[in-house]
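Listed here are the chains, written in short residue letters.
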Amino acid sequence: MAFAWTLSRDPIDQRVDVLMQSLTEQELIQQTWSPYGGTPDALLAKIGAGGVGQISYKLAGHGTLTERIAQRNAIQLKIMNASRSGLPASWSSEALHSAVAGGTVFPELVTQGATWDPELIEDIGAAIALEARSVGIDTAFSPVLNMWVDARFGRLQEGYSENPTLSAAYATAQVRGLQGNQPVGSWAYFNASKLVALGKHYLAYGAALGGLNGAPAEMSERTLREFYLPPWRAFARAGGKAVMTSHNSVLGQPMHANSYLTNHVLREELGFRDGYVLSDCNDVDALVSFRVAANISHAAAKGINGGVDLDLQCGGQAAYTSLPAALKDGTTTLAKVKTAARRVLSSKLALGIFDQPIVVNASRAVEMVNSPAHQALALRAAEEGIVLVKNDPWSAVRAAPLRKDPLKKDPLKKDPLLPLTAAHQRIGVVGPNGGCAKGDDPQCDGRVQLLGSYTQYDGSVSVPTVAEAIASIRGAASITWALGATAKVAPPSEAATRRMEAVALANRSDVVVAVLGDDSKSSSEWGK
């Protein structure tokens, strides 16, 4: 078929000008769509013949890596062949600390933040980019620049730090690792091993009232600018090319219709003029629930007018499919739609997606994904991110009054508790994230939770539990694990039995390794 574009290395602005002149109004509108998930057939039916800006489709669990790449290529070709203009889609993925199913899983951002090592963060970004591009992912939902202010907030894994200066340093490092050197204010062609860094969530997302996901961030503009804006300023200055707006409202306006903070502050003040803004899942639709839009077409107009270029459409909701109605009733303009489409098309041209829309070398992906070099980098990050709060046996005695003789030593002697020695013959591991009831269960919490959230988990990557790891060094005979209390609601009698078992194990052990904390179900975006 004859495509509405040609292979070229002409300046990107020039290529976009030529391309857009050939597109219909509906094709321009569909460049603002970003459908998420679903079956391939449902995805293709939704896109139809008009092409699409970007898709976020998980290939986890669909055969081998080579088979998943083949499926990705097939979907891309069907999108192009169904389109009058042969427009390819951009492919995005979560990439906080892993971007590919079966790929390298780096420590979560809270651990990366504790390394105090921006160069290491840049190396991690580069490794994630290599793995992602090798399988056809061209846009990474990273870096995540949420700032921590409330321990109740369920997305504390999505942020490096509570400090704006440190977070800004990591923002710069991650953008460089993922993207390489991109100019500020314009698009340049990407290296084939780099991708678009899509920072999220703009803005003040971690400041939700009561720690509730999506709740308003109530603060003065001075606080907003001095505390929450520095990481985003660093992101823009590093050449970051895409941003996701947050679920919440800031300065009294939902972020998906906040023209002041997006069009003025982000684009004009911070210099993020050329990049595109992606909504979070269904948040343009949610403007109706925020009571700032009368209906979905009005919400679509509010989103485009507010600076949101791409509508992340999860499930059956898809606000920007109503843009034709918004254009007809005059609540937005074709010029604004064209501006949004131009930003999206510019990114795809810069990434080389028009020039090479499919993955042609699956063997390279097999070499890159979860490579020994990347595993070694993940180990280094985990080691650098360890935080030893206090290595003091006397504090351990005070903290564990149920032990009759916790260390079998004079408690006033200040020998460090760690590392464990041969004197610790009986080691008890307690906590739901410390072990598995069935030792070979690949899906148990004690194994899966160590990988963290947003890993595209499909069971192809497995790690030993804490109990298993200690047993591999000290021998299985010296290790016992007890579940103890869990974040899951259990019948009172069952919960009491589990606690008593953990206490009994602690009392007969020379030392206890308590693996504490939430899991991805109790502490997550919509965790309860």
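Residues numbered from 1 in each chain as written. Predicted model: local features only at pLDDT ≥ 70, side-chain atom pairs only at ≥ 80, totals over all residues. Heavy atoms only, no water.

Caption draft 1: Seen up close, the overall build of the protein. Looking only at helices and strands, the protein features 19 helices and 13 strands. Taking 528 residues into account, the globule formula puts the C-alpha radius of gyration at 24 Å, and the protein, at 25 Å, falls close to it. A separation of at least 24 residues holds for 74% of the contacts in the protein among residues at least 6 apart in sequence. Surface summary for the protein: the accessible area is close to 22300 Å², and the carbon and sulfur share equals 57%. Here the protein holds 49 positive side-chain charges and 49 negative ones, and the gap between their average locations is 2 Å. (Helix = DSSP H or I, 4+ residues; strand = E, 2+ residues; numbered from the N terminus. Rg over C-alpha atoms; globule rule 2.2 N^0.38 Å. Contact = heavy atoms within 4.5 Å. Areas by Shrake-Rupley, 256 points an atom, 1.4 Å probe, with all protein chains shown as cover. Lys, Arg positive; Asp, Glu negative; His and termini not counted. Charge placed at Lys NZ, Arg CZ, Asp CG, Glu CD.)

Caption draft 2: Here's a closer look at the sheet that holds strand β5 (residues 196-202). Strand order in the open sheet formed by six strands is β2-β3-β4-β5-β6-β9, with parallel pairing between adjacent strands. The sheet terminates laterally at β2 (54-55) and β9 (276-278), the two strands that pair on one side only. Its contacts with the sheet put helix α9 (residues 230-237) on β5 and β6 (242-245), and the angle it makes with β5 is roughly 160°. (Pairing = 2+ DSSP bridges. Axes fitted to C-alpha atoms, helices over the stretch in contact; angles between N-to-C directions.)

Caption draft 3: Seen up close, α9. By the criterion of burial, α9 is predominantly enclosed, with six of the eight residues buried. When we look at burial in α9, the residues that qualify are Pro230, Pro231, Trp232, Ala234, Phe235 and Ala236. On the buried face of α9, the contacting elements are α7 (164-179), β5, α8 (221-228) and β6. Immediately beyond the C-terminal end of α9, within one or two residues, lies Gly239, with a positive phi of roughly 90°. (Buried < 20%, exposed > 50% of the residue type's maximum accessible area, 1.4 Å probe, protein only.)

Caption draft 4: Fine view of the state of the cysteines. Counted according to the given criterion, the structure contains two disulfides. The side chain of Cys436 participates in a disulfide bridge whose partner is Cys444; the two sulfur atoms lie 1.7 Å from each other. Judged by its relative accessible area of 10%, Cys444 is buried. By sequence order of its bonded cysteines, the protein has the disulfide arrangement 1-2, 3-4. (Disulfide = S-S within 2.5 Å.)

Caption draft 5: Main features of the nonpolar core. Counting residues in each nonpolar core, the largest one holds 88 residues, and the members touching the most others are Ile55, Tyr202, Leu203, Trp232 and Tyr320. Residues in contact with Tyr202, not counting those within four places in the same chain, are Leu229, Trp232, Val243, Met244, Thr245, Ser246, Met255, Leu261, Thr262, Val265 and Leu266. (Core = buried A, V, L, I, M, F, W, Y, C linked by side-chain atoms within 4.5 Å.)

Caption draft 6: Representation of the sheet that holds strand β12 (residues 479-482) within the structure. Taken in spatial order, the three strands of this open sheet run β12-β11-β13, and their pairing is parallel. The strands lining the two open edges of the sheet, one partner per strand, are β12 and β13 (511-514). If you compare each strand with its neighbour and ignore which way they point, the axes differ by 25° on average. Both strand β11 (residues 427-430) and β12 contribute to a ladder of four bridges, which runs parallel. In the sheet register, Val430 faces β12, and the bridge partner there is Ala482. Set on the sheet, helix α18 (residues 466-474) makes contact with β11, β12 and β13; between it and β11 the angle comes to about 165°.

Caption draft 7: Just the packing of aromatic side chains, in detail. A full pass over the atoms with the stated rule returns seven aromatic pairs. Centre to centre, the rings of Tyr160 and Tyr170 are 5.0 Å apart; their planes meet at 45°, and the pair counts as tilted. Of this pair, Tyr160 sits in the loop between β4 (139-141) and α7 while Tyr170 sits in helix α7, and the two are 10 residues apart along the sequence. Here Tyr160 matches Tyr170 in class, with each residue buried. With a centroid separation of 6.5 Å and an interplanar angle of 40°, the aromatic rings of Phe235 and Phe272 are classed as tilted. Note that Phe235 is positioned in helix α9 and Phe272 in the loop between α10 (259-269) and β9, a separation of 37 residues in sequence. (Phe/Tyr/Trp six-rings, centres within 6.5 Å; stacked < 30°, edge-to-face > 60°.)

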